[in-house]
Amino acid sequence: MRVVAAIVARNLRLFFRDRLNVFFSLLGAIILFALYTLFLGNLQTEGLEGRFPAAEPRQVKAFVDSWMFAGIVLITTITTGLGALSVLVDDAQSGRFRDFLVSPIRRGQIVLGYLIAAVAVALLMSLFVLVLSVLYLGVIDGMWLAPDALVRVTGIVVLCCAAFTALSALIVSGVRTAGAFSALATIVGTVLGFVAGAYIPVGSLPDSVGNVINALPFGQAGMLLRRDFTAESLTAMTGGIPEVEEALRPVYGIDSLVGDWLVPASVAVAILIVLTIVCTPLAALRLRARIR
């Protein structure tokens, strides 16, 4: 374990030393925050104020902000783990794998060091963004997450980091050059907001597109986060009328509908667990075969 710990520490230092790489790993979350701060936030707020004239403007804004920050946290759990794997690609391209293999280090230890470091980066960055999101909602919008909701959200963030980092490692195991990795990271950071239903509410999209998004693990992970992030603000904006809440929840991805099937939270959690269990050994095997 000392060898693995040393490799993990080395990979963490290399990742955080490259500030540009850290920035690009947060690019998707930054884009989403900028879009809603400059453009989309006002459009969503004005549209909801027209639908809920009895609601106060601050209540509508609180709902839009809480929905947005759930998407920001989700995107961070995906892109930061992917960004941390840049160290692996750099080592492969520069030939450092050969230096590792002439030392008394087994290939399994090297692979484990990369995977643990990537998950650690995803956790550190995602929990940091989560803290900032909770503070923003509490201080600016007056909507503090309840302690039990915060515990659930933290658990979901941990599960998302593990699942999506394992998936990213499986994809990156086939990337050979730093240029290809940079292109992949940029595309993922930009497109992910649409795939996860974070840029535009799922209900605003065609039914076929909405079904695809809700069937993907990204959309279902977003659903889990949005349920706790928007619980209080949704009730405040709708006046606690159950019929109104039920109609609005699928539109904003708080409930995921695939056709007429309402995806239970337990199924979404199970999918993330299965994704972790399946992708982790597959990624480890492919990375182990690559290290020669």
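> Honestly, the pattern of salt bridges in this entry has me stumped. Any pointers?
Once their charged atoms are close, side chains differing in charge can pair, the charge on each being opposite to the other. Applying the stated rule across the entire model yields eight salt bridges. One salt bridge connects R152 with D148, and the closest N-O pair in it is separated by 3.6 Å. Of the two residues, R152 and D148 are both situated in helix α8 (residues 147-172); the distance of four residues between them amounts to about one turn of the helix. When its relative accessible area of 44% is taken as the criterion, D148 is described as partly exposed. Three or more residues joined by partner-sharing salt bridges are found here, namely K61, D65 and D141.

> Just checking my understanding: could you explain the packing of helix α3 (residues 27-51) against helix α4 (residues 57-84) for this structure?
In a pair of packed helices, the angle between the axes and the distance between the axes together describe the arrangement. Interhelical geometry of α3 versus α4 gives an angle of 150° and a closest axis separation of 10 Å. Our classification of the angle between α3 and α4 gives roughly antiparallel. With respect to the hand of their crossing, α3 and α4 are arranged in right-handed fashion. Only P57, V60, F63, V64, W67, M68, F69, G71, I72, I75 and T76 of α4 make contact with α3, whose side of the interface consists of G28, A29, L32, F33, Y36, G41, Q44, T45, L48 and E49.

> Any chance you could explain the packing of aromatic side chains here in plain terms?
Remark: the centre distance and the inter-plane angle together describe each pair of aromatic rings, the angle taken between the planes. For the coordinates displayed, the defined rule picks out eight aromatic pairs. Summarising the aromatic geometry, the rings of W67 and Y252 are spaced 5.6 Å apart at their centres and angled 90° between planes, so their arrangement reads as edge-to-face. In this pair, W67 sits in helix α4 while Y252 sits in the loop between α13 (242-248) and β1 (257-258), placing the two residues 185 residues apart along the sequence. A residue is classified by how much of its surface remains accessible, and W67, at 2% relative accessible area, is buried. Through successive ring pairs, a cluster of aromatic residues spans Y36, F63, W67 and Y252.

> Just checking my understanding: could you explain helix α14 (residues 265-290) for this structure?
Between its first and last C-alpha atoms α14 spans 37 Å; for 26 residues at 1.5 Å apiece the expected length is 38 Å, and the two agree. Among the residues of α14, A268, L272, L275, T276, C279, A283, L287 and R290 are the ones counted as buried. Where the residues of α14 are buried, they touch α5 (86-94), α6 (96-101), α7 (107-139), α8 and α11 (217-229).

What counts as what
Residues numbered from 1 in each chain as written. Predicted model: local features only at pLDDT ≥ 70, side-chain atom pairs only at ≥ 80, totals over all residues. Heavy atoms only, no water. Salt bridge = Lys/Arg side-chain N within 4 Å of Asp/Glu carboxyl O. Helix = DSSP H or I, 4+ residues; strand = E, 2+ residues; numbered from the N terminus. Buried < 20%, exposed > 50% of the residue type's maximum accessible area, 1.4 Å probe, protein only. Axes fitted to C-alpha atoms, helices over the stretch in contact; angles between N-to-C directions. Parallel < 35°, antiparallel > 145°, perpendicular 65-115°, else oblique. Left-handed = near helix turned anticlockwise from the far one by under 90°. Contact = heavy atoms within 4.5 Å. Phe/Tyr/Trp six-rings, centres within 6.5 Å; stacked < 30°, edge-to-face > 60°. Expected span 1.5 Å × (residues − 1).

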